[in-house]
Amino acid sequence: MIKFLKLYERFGIFIFIILGSIFLAIASPNFLQTNTILNIIAQGTYGAIVGFGMTFAITSGGFDLSVAAVMGLTSVFLSLLIPVLGIPLAIIISLLVASSVGLVNGLIITKLNVNPLITTLAMMTIIRGVSLLVAGGRQIVISEKMFSIIGTGFLAGIPIPIIIMVVLFIFMFFTMYHSPFGRHVSAVGSNESAARISGLNVDLIKIMVFVLVAFTAGVAGVIRTSQTLIGIPTMSPGFELVAITVTILGGTSLAGGRGNIWGTLFAAIFISMIYYGLNLLNVQIFFQMLSVGTVLIIALFIDGARNRYLESVRAKGIKV
Amino acid sequence: MRKLHILKLALITILSITLVATFSFVGCAQAEEAVEEVEEATEEAVEEVEEAAEEVEEEVEEAAEEVEEEAAEEPITIGFSVWTMEFTFFQNVEKGVRDACEDLGYEYIMIDQNADPTKMVQDLDSLVSQGVDAISVTPVDPGALGPAVQNARDAGIPVVCADIGKSGPVNALIISDNFEGGQLAAGYLDELLADNPDNTYKFGLGNLQPQWTYARERGEGFIDKSEELGYEIASEIIVDPPSAEGGYDTMQQIISAAPDIVGAFFSSGREAVGAAQAVEGAGEDIYVVGYNGDPEELQAIEDGILAGTILQQPYVIGYQSVEILKEILEEGAEYEDEVVPAPVKLVTPENLEEIAAELEERRGQPAY
Amino acid sequence: MVDIRSRNLKVKVAQQWENFGMLFILVLILAIFSSLDPNFRTVYNFISIFKYSTFIAIGGIGMAFCIMSGDFDISVGSMLAFVGVLGSSFIPFIGGVGAVLSTIVIASILGFINGIFITKLRIPAFITTLGMLYIFRALAYLYTSNVPVYIENKFWLYIGNGKIFNINFPIILMLICYLGGYLLLRKSPFGRYIVAVGTNPDASRLSGINVDKVRIIVFTLVGFFVGISSVVVSANLGSANPGQLGQGYEFQVITAVVLGGTILGGGNGSLGGLFVAALIITALKNGLSLMQVDSYWQDVATGLVLIFAVALNRIRYTLLGQRE
């Protein structure tokens, strides 16, 4: 039982995926097809990629609501820079621009001592305004067709966004669990003053976390822009909630200190599956919102029950 | 200002009366030499003076009246409240309103709702309190206009909605014929598929978010015409998020749900371009038609990605809203809850250049 | 000696800033806009700012309690929409008064349900309310089949648009709500419990406070004030639209509460500050719009002022050499 619960902590959301798959496979003949499944995973990549960053932010006890705005900013810069600088350089500079938003977030949060929620909320509106100003209030068409490979191309039969996500996953996984930085982030998240006393440069760690989130948002922005070949200043409105939902559903504790990269990955795919799958059934969009909300509450209820069980076991003196 | 004018006029009157009097006195002095004519001359002079004085008085009164009239004829001010300036469509509506005001010599106040219904209502109230003479509004939430419009009408201010929808006692609503636009799209897809042996008579449909009621009619028009032509809507999905990349996702879902569709209609511009890119990416052979005529759509049509689009005329809608307000204000025309349909046009690769040139001429900037 | 004196001065400034800092920012904003735009400095416009700030100000009271008690509710926007469409659809059956009352009651019940989930099922508040954010919105859509409910009932409309002695009714309603909130927070034991639970839940539990009960009541209060806001705003709009009512409301309200000096994470807070903050937000939007600023500049300016204001608000901690 305890072993199972341990496993559940890491892969719990996977059970939801399996249950969901069985249901959809029965309900829709078009579900169990390579293309459909690849598309579902591909459409989950944006949530996953930004979710990775968000996982770090929430683990450090923070929050970032500006991710969708950063995606839009990246998109605008890409569309303006590609004709001038060529694709590779444009991507690099756009990602730098995106990361610099994270830097500003981090500086405001640590140096001006403003709450992360308010900072990133304010930055969300500021960045969206700036994107629109830079773009002159227009959508900017990218004429460089080569650029679309990043978002729509395939490598060995697998959509490139999925490959990007896997690479980022590996990177994030090792950063989170096998690097000093990951441990420091957890330390800051579980007890900030203790971390400060033990000599960690808390401000620097927080700033780096926000840079990381903004970077992941930038990557998602690059992929999305390349799919549509349009620079969209108001990209993906409401995406910040998706990223947060994915992270929390994945089992990252809101109290900070405990991040779950695996969970984020699976949760992103699961959410994508709900939306994609229910659309296959021609179900109205309200049911998708309803399902996401319900799953969120159920999943976290199970999580809470499991924690209480483990606590009671621990109280009996059994080492878990 | 007005007081000053009257003072000046009064001064001039007094001066002129004195002058006339002086001249007549001088005339009197000269009359000493012809004593016989004195009495006559004096009488004449008195008469003249009196006449002159009367004339001057009349002139003064007329001038004063003119001054007052001029004061009442302050330039007419049009207040325009726009959904948001973040999208090309609304920017063009705004440009239409602004140009119309310029052409008609009206003052113009623009106020941006920033996509917030509460703010829309507050903005309309504040336009009323600023004393604008008429209001044109492109409402973010057409259902929420009621009390605000009532307030404006109570203050004697006519209100015209420029597209989207209406509620409350508005004078008129100018709106694209969305239903017809959807029908046009279906008809055009059918034309494209006329001699296609692979025609499966199945379409996909990407709708906008349901709270935007005006866009719903586009889908309804499309379904109506499609069914009439013998097509089945195999998959109908709401585009989420409402943006180009949302269109991309939705098209992938439509293809999965109904792999054998031959055409798709997206009831908004950017979404359609995203959808067309998804078709390209999947290597499918599906015609995609959009709605709006946004620059990125026109570009996509030129690039051969998008099969066509239904062109709305935001600029014309905006312009026309001011013209209707002019009729109400200056000609006393009766408008009460009228709906003025604005024509929509089909844009295809064939007529793209022509339409782009037309748009450029009207807006004074390249169409795409 | 000098050190102590300057330290004392700092403490004094910090204390005064806590009381009047936000007011100072509000006056600053009003002064700037007034000097720039003649349309802003009219009596009518000032009243209008008051009138439309009620939407955030009333909903903020519940949220302020919630944040003081160490929780968070991000379902308020969706809840606002759901109870708005539900309550207004009752008008034909139970009349305006009944519908208004039932809206407020239903909202309180929804808040109560949130509270039960959070305390009895022990799902963190943020997640429960995040889930509810999706669920309430979906229910609002489903209940109405996504057709806005038009409100023609006189009583309902009066709550948002009526006047008593030439004062807009929402303003009076807001003042009543603030009076109630103030009495509850400062003059009743319950107010002390809220602050105690927010400051240290474990200590409060040990000292005999029924923490769960306090939290449930707090969430019920959130619902209660959201219910009132819902009636006010749907009366202003003359309709309840399931898709558009309350979009982004949660963040507006949280922003107002935090701007007003209540600390995220629990502890003491200020209703007066919240009230002023709601005015700041409304005045800012109103002023920018009157100056015919485009959406994008509105976005940029609002964000900048927000950060600036909160940063200024934090000065007292810097002065006292504390961290939040």
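Predicted model, so just to flag it, every value in this text is computed and none were measured. (Residues numbered from 1 in each chain as written. Chains lettered and ligands numbered in written order. Predicted model: local features only at pLDDT ≥ 70, side-chain atom pairs only at ≥ 80, totals over all residues. Heavy atoms only, no water.)

(A) Spatial organisation of the packing of aromatic side chains. Applying the stated rule across the entire model yields 31 aromatic pairs over all chains. Here F87(B) and F90(B) contribute two aromatic rings whose centre-to-centre distance is 6.5 Å and whose plane-to-plane angle is 55°, an arrangement assigned as tilted. The exposure class assigned to F87(B) is partly exposed, which follows from its relative accessible area of 24%. With a relative accessible area of 6%, F90(B) lands in the buried category. Here the aromatic cluster, defined as three or more aromatic residues joined through ring pairs, consists of F14(A), F52(A), F169(A), F173(A), F174(A), Y177(A), W262(A) and F266(A). For the cation-ring pair, R224(A) lies above Y46(A), with the distance from its terminal atom to the ring centre recorded as 3.8 Å. (Phe/Tyr/Trp six-rings, centres within 6.5 Å; stacked < 30°, edge-to-face > 60°. Buried < 20%, exposed > 50% of the residue type's maximum accessible area, 1.4 Å probe, protein only. Lys NZ or Arg CZ within 6 Å of the ring centre and 35° of its normal.)

(B) Broad picture of the nonpolar core. Core analysis: the largest hydrophobic core is formed by 311 residues, its most contacted members being F147(A), I135(B) and M251(B). Apart from residues lying up to four places away in sequence, M251(B) is in contact with I261(B), A264(B), F266(B), A275(B), A278(B), V279(B) and I286(B). (Core = buried A, V, L, I, M, F, W, Y, C linked by side-chain atoms within 4.5 Å. Contact = heavy atoms within 4.5 Å.)

(C) Layout of the sheet that holds strand β10 (residues 308-311) of chain B. Residue and element names in this part refer to chain B. Pairing is mixed in the open sheet, where 6 strands are placed in the order β7-β6-β8-β9-β10-β12. Looking along the sheet, the strands with just one partner apiece sit at the ends: β7 (232-238) and β12 (345-347). Averaged over all pairs of adjacent strands, the angle between their axes in this sheet comes to 20°, without regard to strand direction. Along the sheet, helix α12 (residues 352-363) contacts β10 and β12; its crossing angle with β12, the most-contacted strand, is approximately 120°. (Pairing = 2+ DSSP bridges. Helix = DSSP H or I, 4+ residues; strand = E, 2+ residues; numbered from the N terminus. Axes fitted to C-alpha atoms, helices over the stretch in contact; angles between N-to-C directions.)

(D) A look at the pairing of strand β1 (residues 77-82) of chain B. All names here are of chain B. For β1, a buried count of 6 out of 6 residues is recorded, marking the element as mostly surrounded by other parts of the structure. Since β1 and strand β2 (residues 107-112) lie parallel, the crossover through helix α3 (residues 88-104) that links them has a hand, and here it is right-handed. With 5 bridges joining them, β1 and strand β3 (residues 134-138) adopt parallel strand pairing. When the bridges of β3 are listed, G79 appears paired with I135. (Right-handed = clockwise from strand over helix to strand, strands pointing away.)

(E) View of helix α7 (residues 169-187) of chain C. An ideal rise of 1.5 Å per residue puts 27 Å on 19 residues; α7(C) measures up with 26 Å between its terminal C-alpha atoms. Every buried residue of α7(C) is accounted for by F169(C), P170(C), I171(C), L173(C), M174(C), C177(C), Y178(C), G181(C) and L185(C). (Expected span 1.5 Å × (residues − 1).)

(F) Spatial organisation of the interface of chain C and chain A. Contact with chain C, which involves 39 residues of that partner, is made by 43 residues of chain A. Overall, the association of chain C and chain A removes approximately 3,800 Å² of surface from exposure, summing both partners, and the carbon and sulfur fraction of that is 80%. Linking chain C to chain A there are 1 salt bridge. With its nearest N and O atoms 3.3 Å apart, the salt bridge here joins D299(C) to R128(A). Counting every contact that joins chain C to chain A gives 3 residue pairs in polar contact (both at pLDDT 80 or more). Broken down by element, the side of chain C that touches chain A gets its largest block of residues, 14 residues, from helix α5 (residues 125-144) of chain C. Considered class by class, the residues forming the side of chain C that touches chain A number 28 nonpolar, 5 polar and 6 charged. (Buried area = accessible area lost by both parts, 1.4 Å probe. Salt bridge = Lys/Arg side-chain N within 4 Å of Asp/Glu carboxyl O. Polar contact = N/O pair within 3.5 Å; in protein donor to acceptor, adjacent residues only side chain to side chain. Nonpolar A, V, L, I, M, F, W, Y, C, P; charged D, E, K, R; others polar.)

(G) Helix α10 (residues 211-237) of chain C, seen in detail. Residues and elements named next belong to chain C. In this model α10 runs 39 Å from its N-terminal to its C-terminal C-alpha over 27 residues, within 8% of the 39 Å that 1.5 Å per residue would give. Within α10, 22 of the 27 residues are buried, which leaves the element mostly enclosed by the surrounding structure. Count one or two residues on from α10 and you reach G238, which has phi positive near 75°.

(H) Quick peek at a negative patch on the surface. Residues and elements named next belong to chain B. Negative charge collects at one region of the surface, where E47, E48, E50, E51, E54, E55, E57 and E58 lie side by side. Of note, E47 is situated in helix α2 (residues 35-72). A relative accessible area of 47% places E47 in the partly exposed class. (Patch = residues over 30% accessible without salt bridge, like charges linked within 9 Å, V, L, I, M, F, W, Y side chains within 5 Å. Areas by Shrake-Rupley, 256 points an atom, 1.4 Å probe, with all protein chains shown as cover. Lys, Arg positive; Asp, Glu negative; His and termini not counted. Charge placed at Lys NZ, Arg CZ, Asp CG, Glu CD.)

(I) Structural context of the confidence of the model for chain B. All names here are of chain B. Scored by pLDDT, chain B comes out at a mean of 84, with 83% of its residues at no less than 70. Segment residues 9-32: pLDDT under 50, and 12 contacts once partners within four positions in sequence are set aside and those in other chains are kept. Two summary scores accompany this predicted model of the complex, namely pTM at 0.86 and ipTM at 0.90. (pLDDT = per-residue confidence, 0-100.)

(J) Seen up close, the pairing of β10(B). Residue and element names in this part refer to chain B. Residues of β10 alternate between two faces, with G308 and I310 on one and T309 and L311 on the opposite face, all of them buried. Looking at chain direction, strand β9 (residues 287-292) and β10 are connected through 4 bridges and run parallel. The residue bridging V289 from the neighbouring strand is G308, located in β10. Handedness of the crossover joining β9 and β10 through helix α10 (residues 295-302): right-handed. Bridge analysis of β10 against β12 gives 3 bridges, and the strand direction is antiparallel.

(K) Representation of the interface of chain B and chain A within the structure. Tallying the contact residues gives 33 residues for chain B and 31 residues for chain A. Counting each side, the surface lost to burial between chain B and chain A is near 2,700 Å², with a carbon and sulfur contribution of 53%. The largest contributions to the chain B side of the interface with chain A come from E86(B), E245(B) and Q253(B), which together make up 21% of the buried area. Connecting chain B to chain A are 3 salt bridges. Note that R224(A) is salt-bridged to D249(B), the shortest N-O span being 2.6 Å. Per element, the largest residue contribution to the side of chain B that touches chain A is 8 residues, and it comes from helix α8 (residues 244-257) of chain B. Residue composition of the side of chain B that touches chain A, grouped by class: 14 nonpolar, 11 polar and 8 charged.

(L) Quick peek at a nonpolar patch on the surface. Residue and element names in this part refer to chain A. On the surface, V84, L85, L89, I92 and L96 cluster together into a nonpolar patch covering about 460 Å² of accessible area. Every element with two or more residues in the nonpolar patch is listed here: α3 (67-85) and α4 (87-111). For the nonpolar patch, the element with the highest residue contribution is α4, accounting for 3 residues. Note on placement: V84 falls in helix α3.

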